[in-house]
Structures are given as structure tokens and as C-alpha cells.
Amino acid sequence: MDFDELDVAIVDAVRSAPRASWRDLAPVMGVDPATVGRRWSRMHSAGVAWVTAHPAGRVTPACALVEISCVPGRSAAVAESLADDVEAATIKLTSGGRDLQVLTQAPDLAALSAYLLNRIGHLPDITSMRSHIVTRSAIEASRWREGALDQDQRHRLGAYATSRTEHDGVLDAADHRIVRALTTDGRMSLERLAEHAGVGAVTVRRRLSRLESAGLLTYRCDTSRHLSGRAVAAVYYGSIDVEGLDDAEARLRGLAGVRACSIVAGPYNVIIDAWLHSPAEVHELERRMSHALPALRIQDRSVVLRVVKLLGRVLDTQGRSVRSVPLLADVEPGSTPAHHDDRPETPS
């Protein structure tokens, strides 16, 4: 399929207002609602654009970025064996000093540790693994934009930003089922959400509004490389003195190509994800990062050979979404998921 600038602009509009109706987005795009809906449906059906939700704020899972080395020739098989795990949110086959990088998540550090030690640590084709606990998401991938909208369009879409309110940071069973369903389809209708949650559509609307305003739910719109000129992904592993971490966020955010940045506890303390136009840009971005942030020491880098899974979406070899794996485990009716303290947003 061929996609044009309007398609890319619609995706950027959905990134800014993930659950806005086509009737609301159409005037911003300068087309009729049927055109927006038809084009989104075409992209979504082809697996080149989709919206995913994930828990945020006080209900963010404990996360770790895991580097895995495998028996030669078995890295793809290891990646596929992890693809259906709720805990393995993102799986990348990479070049360089590791064969896989996996973003893992669990309700708390104890559950995360159990997954790393008892599941990944016991896979037969792994020769070594090294985990980095995420302490903060300095730049969140949900903020990524292709730059397809002008200033006026961005301003108009800003009206859909949700005002924040206080919340105790606890999801009951119905909230949990709503969020779980949205992790598989962030634009799921209220009627379908009601079926998943076992409550009425009006109740879903009220609960969803509360979750969004409390910052317990974040949406992001991802695409395959068919829809973006940035077909090369790279990961940089670096270190910076702890006094410079806050400054790093502001300086890295302004660099074209930087999609996400996680602050982690490990041999590196900064891991940066980038989307680039070509392999030649890998060192060019590193040069620009060194100029913008001289205190940052890049100690290693990898080019992503293939993304097997991206925040719950299993992808084909072309990076198109083929199916969803929920980011939350199911809960028994009447049960209440555990309370979580403040944690960073889910990285990439």
C-alpha cells in the first residue's frame, strides 16, 4: 500500500489526541470525517498504525531493560518464545554486544525479579543476560511526533489534553479490565470496553475519564516503517554523572531522532532509543548528542535488526502489527489489583 502526507499527518493527530473522534480531528486536518476515518481504518487494517494504552503514574509497572546473548543462530527463536509473555512488553533483535534487548515489566519489583530469574534466566538458548532496572523515563515514546502538523494544528489539538486530578493510585478490578482492554486497542469503543469490564458504557466513560485525568493511563500511537521515513532504529548505552541527569532530559529532547530515554540502574545509567533515516545517521546522532550534552559518555550502541514486539504488539518482519498481547494479566472478578507507588512511565 502507498501512504501519503495526509496519512502521516492523521497519525500525528491521533498521537496528540488518541481517542478523539474523527468528527473532532477532521477540521484540524482540513478534510471531512469520513476521509479521516477511512484512511485510519486502512492503515490500522494493514497493521501500519495502531494505538496502545499502558498504565502510568502511580500504577506504572516495575520495568527493566534486559540485554540477552544467545547461542549462535537461536536469537530469533528466543525472541519468538518470549513474544506471548505479558511481561515481555518490547523485544528487539539487535546488532553489537547483545542479541536481544527486552523491555520487561511486572506489577512490582518482586514479580519482575521472579520473571527475570525464573523465566528468562532458565531459557535454554541464552548464554548470558544483563538487566537494568528502570528508575525513570526521561523521554517517553508516547511524545514522539513525525513533525507532520503545523503550529496551528498542534495548538488546536492541544485542546484535547486532559487536566490532571488527584487519585489514590489504586485500580479496582473493573478499572484493571478497562486498562487491559485498552492495551490491546487504545481506540476501543466504549461499548466494547463495557463488555470487557462487565459494566455499562456510561460507567466506562466515567471511569476512563477518571483514569486519564489522574494520569494513570497513557496512550501512544505506533507505526511500522512503511509510514515513517525513519526506517532505522538504534539504541545507545551511556553514562552521565547523577548531577547531570535532569539536564540530560531537556538537552536530548530537542534532538531530531531521539524517541525515548530511560534512566536505569546498571553499568550504564542512560539508555536512548532513536529512529533514524539510515545507518549512516547512527554516528551522526551520537556526534550531535556529544555536542548537546558533553557530559554524556556513550559506551556502546546497537542497530536494531528487527522489532519482534513493540509495547504488546507482535510485529511481522516488515514491522507491521499482526496481533496484540495484553500488557496486564487478567484478574479474577471481584479481586483488586495491588497498590503501586510512584514509578516512571513505561519506556519503549
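Each remark here, short or long, concerns the structure printed above.
Note that the coordinates shown come from a computational prediction; the quantities given were computed from them, not determined experimentally.

Peer 1: Can you walk me through the overall build of the protein chain in this structure?
Peer 2: Within the protein chain one finds 11 helices and 12 strands. By principal-axis analysis of the C-alpha atoms, the protein chain measures approximately 50 × 45 × 40 Å. Considering only contacts in the protein chain between residues 6 or more positions apart, those separated by 24 or more positions represent 78%. When the accessible surface of the protein chain is summed, it comes to about 14,900 Å², and 50% of that surface belongs to carbon and sulfur atoms. In the protein chain, the 42 positive side-chain charges and the 44 negative ones have mean positions that sit 2 Å from each other.

Peer 1: Help me understand the nonpolar core, please; the structure alone is not making it clear to me.
Peer 2: The nonpolar side chains of a soluble globular protein tend to be buried with one another. In terms of nonpolar packing, the biggest core is built from 42 residues, with Met29, Trp40, Met43, Leu182, Leu193, Leu208 and Leu217 touching the most fellow members. Listed by contribution, the elements that provide at least two residues to this core are α1 (5–16), α2 (22–29), α3 (33–45), β1 (49–55), α7 (173–184), α8 (190–197), α9 (201–213) and β6 (217–223). Tallying contributions element by element places α1 first for this core, with 6 residues. Leaving out residues up to four positions away in the same chain, Met43 has contacts with Phe3, Asp7, Ile10, Val11, Val48, Ala49 and Leu227. Membership of the second largest hydrophobic core comes to 24 residues, among which are Ala138, Ile263, Ile272 and Leu276.

Peer 1: Just checking my understanding: could you explain the pattern of salt bridges for this structure?
Peer 2: Side-chain pairs of opposite charge can arise whenever the charged atoms involved come near each other. Within this structure, the stated rule accounts for 27 salt bridges. Between Arg207 and Asp175 there is a salt bridge; the shortest N-O distance is 2.8 Å. On the criterion of sequence distance, the pair formed by Arg207 in helix α9 and Asp175 in helix α7 is long-range, its members being 32 residues apart. Judged by relative accessible area, which is 16%, Arg207 ranks as buried.

Peer 1: Please clarify how the environment of Phe3 should be interpreted in this entry.
Peer 2: Assignment of secondary structure puts Phe3 in the segment before α1. Leave out the neighbours within four places in its chain, and Phe3 touches Arg42, Met43, Val48, His226 and Leu227.

Peer 1: Would you mind going over α9 with me for this structure?
Peer 2: Residues separated by three or four positions in an α-helix point in the same direction, a consequence of the helix having 3.6 residues per turn. Over its 13 residues, α9 extends 18 Å from the first C-alpha to the last, a length consistent with the 18 Å expected when each residue adds 1.5 Å. Close packing links the buried residues of α9 with α7, α8 and β6. Looking at the residues trailing α9, positive phi occurs at Gly215, about 70 degrees.

Peer 1: I would appreciate a short explanation of the state of the cysteines in the present structure.
Peer 2: A covalent bond between the sulfur atoms of two cysteines is referred to as a disulfide. Taken as a whole, this structure holds 0 disulfides when the rule is applied. For the unlinked cysteine Cys63, the closest cysteine sulfur is that of Cys261, found at 14 Å. Cys63 gets classed as buried once you look at its relative accessible area, which sits at 4%.

Peer 1: Whenever I open this one, the packing of aromatic side chains confuses me. Can you help?
Peer 2: Where two aromatic rings form a pair, the distance of their centres and the angle of their planes describe that pair. By the definition in use, this model includes 3 aromatic pairs. When the centroid spacing of 6.1 Å and the interplanar angle of 45 degrees are considered together, the rings of Trp22 and Trp40 count as tilted. One end of the pair, Trp22, is in helix α2; the other, Trp40, is in helix α3, with 18 residues separating them in the sequence. Taken together, a centroid distance of 5.2 Å and an interplanar angle of 45 degrees make the contact between Tyr237 and Tyr268 tilted. Of the two residues, Tyr237 is situated in strand β7 (residues 232–239) and Tyr268 in the loop between β8 (258–265) and β9 (270–276); the sequence distance between them amounts to 31 residues. Like Tyr237, the residue Tyr268 is buried in the burial classification. Cation over ring: Arg187 sits above Trp22, and NZ or CZ is 4.0 Å from the ring centre.

Peer 1: How should the pairing of β9 be read in this particular structure?
Peer 2: Within a regular beta strand, the side chains point alternately toward one face of the sheet and then the other, so they alternate between its two faces. Within β9, 7 of the 7 residues are buried, which leaves the element mostly enclosed by the surrounding structure. As paired elements, β7 and β9 share 7 bridges and run antiparallel to each other. Residue Val232 lies in a different strand from β9, and its bridge partner there is Leu276. Relative to β9, β8 runs antiparallel, the two being bridged by 5 bridges. Note that in β9 the partner of Ser262 across the bridge is Ile271. Following β8, the chain reverses through 4 residues before pairing antiparallel with β9.

Calculation criteria
Residues numbered from 1 in each chain as written. Predicted model: local features only at pLDDT ≥ 70, side-chain atom pairs only at ≥ 80, totals over all residues. Heavy atoms only, no water. Helix = DSSP H or I, 4+ residues; strand = E, 2+ residues; numbered from the N terminus. Contact = heavy atoms within 4.5 Å. Areas by Shrake-Rupley, 256 points an atom, 1.4 Å probe, with all protein chains shown as cover. Lys, Arg positive; Asp, Glu negative; His and termini not counted. Charge placed at Lys NZ, Arg CZ, Asp CG, Glu CD. Core = buried A, V, L, I, M, F, W, Y, C linked by side-chain atoms within 4.5 Å. Buried < 20%, exposed > 50% of the residue type's maximum accessible area, 1.4 Å probe, protein only. Salt bridge = Lys/Arg side-chain N within 4 Å of Asp/Glu carboxyl O. Expected span 1.5 Å × (residues − 1). Disulfide = S-S within 2.5 Å. Phe/Tyr/Trp six-rings, centres within 6.5 Å; stacked < 30°, edge-to-face > 60°. Lys NZ or Arg CZ within 6 Å of the ring centre and 35° of its normal. Pairing = 2+ DSSP bridges.

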